[in-house]
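Overview (structure and organization)
Okay, here's what each chain looks like letter by letter:
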Amino acid sequence: MVCVETLSKVRRGHFVRGRSIRQISRERGAFVARLEEMLEANERRRKRERLPLTRILEDLHREGYRGGYDSVRRYAKRWRQARTMILSEAYVQLSFAPGSDALPGGLFARNARDGVRCP
């Protein structure tokens, strides 16, 4: 929901300064925080229960967002890419020398004829 203070700033920008509503919305980022909240909540859901972007857009429209589907889709795509970059930076690839039988945790596996088993 838009508070009175935000509404007065938008009206002042439109009527006094002559800017378009879309330009003011972009400058103020009115619904960006709400969209991020919705995307994060959607990501925490199980895969089968996640909402499509069209449903998220409908929810934003009920809250007063006047933008289109493409704007939401483009933002969600950039948001997902940034999110996966953060997660991929946390990934540590294990590399072992060729021929070594090392497993994570310092365990070693050998074939069955050596009599050593992996726990």
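Residues numbered from 1 in each chain as written. Predicted model: local features only at pLDDT ≥ 70, side-chain atom pairs only at ≥ 80, totals over all residues. Heavy atoms only, no water.

Right, let's talk about the side chain of Asp59 for a bit. Residue position: Asp59 is located in helix α4 (residues 53-62). Take Asp59: its relative accessible area is 15%, and that puts it in the buried class. Among the polar contacts listed, one links the side chain of Asp59 to the side chain of Arg62, at a separation of 2.6 Å. Every residue in contact with Asp59, bar those within four places of it in the chain, is listed here: Met38 and Leu51. (Helix = DSSP H or I, 4+ residues; strand = E, 2+ residues; numbered from the N terminus. Buried < 20%, exposed > 50% of the residue type's maximum accessible area, 1.4 Å probe, protein only. Polar contact = N/O pair within 3.5 Å; in protein donor to acceptor, adjacent residues only side chain to side chain. Contact = heavy atoms within 4.5 Å.)

Relative to the assigned elements, Ile21 resides in helix α2 (residues 21-28). Take Ile21: its relative accessible area is 36%, and that puts it in the partly exposed class. In this structure, the C-alpha to C-alpha distance between Ile21 and Val10, residues 11 residues apart in sequence, is 7.3 Å.

A few words on the nonpolar core. Among the nonpolar cores identified, the biggest contains 13 residues, and Leu35, Leu39, Leu53, Ile56, Leu60, Tyr65 and Val72 are the most heavily contacted of them. Those residues in contact with Leu60 that lie beyond four places of it in its chain are Phe31, Arg34, Leu35, Met38, Tyr65 and Val72. (Core = buried A, V, L, I, M, F, W, Y, C linked by side-chain atoms within 4.5 Å.)

Enumeration over the complete set of coordinates arrives at 1 aromatic pair. Relative to Tyr65, the ring of Phe31 has its centre 5.4 Å away and its plane inclined at 75°; by these criteria the two rings are edge-to-face. Highlighted residues: Phe31 in the loop between α2 and α3 (32-44) and Tyr65 in the loop between α4 and α5 (69-89), separated in sequence by 34 residues. The residues Phe31 and Tyr65 share a single accessibility class, namely buried. (Phe/Tyr/Trp six-rings, centres within 6.5 Å; stacked < 30°, edge-to-face > 60°.)

This structure, assessed with the given rule, holds 7 salt bridges. Put simply, Glu43 and Arg83 hold a salt bridge, and the shortest N to O gap is 2.9 Å. Taken as a pair, Glu43 in helix α3 and Arg83 in helix α5 lie far apart in primary sequence, 40 residues in all. You can call Arg83 partly exposed: its relative accessible area is 32%. Three or more residues joined by partner-sharing salt bridges are found here, namely Arg34, Glu37 and Glu63. (Salt bridge = Lys/Arg side-chain N within 4 Å of Asp/Glu carboxyl O.)

All right, on to the confidence of the model for the protein then. It should be kept in mind that the predicted coordinates are not to be read in detail where pLDDT is low. Per-residue confidence for the protein averages 76 on the pLDDT scale, and 65% of its residues sit at or above 70. Per-residue pLDDT, averaged within each element of the protein, yields its smallest value for strand β2 (residues 107-108) (52) and its largest for α4 (92). (pLDDT = per-residue confidence, 0-100.)

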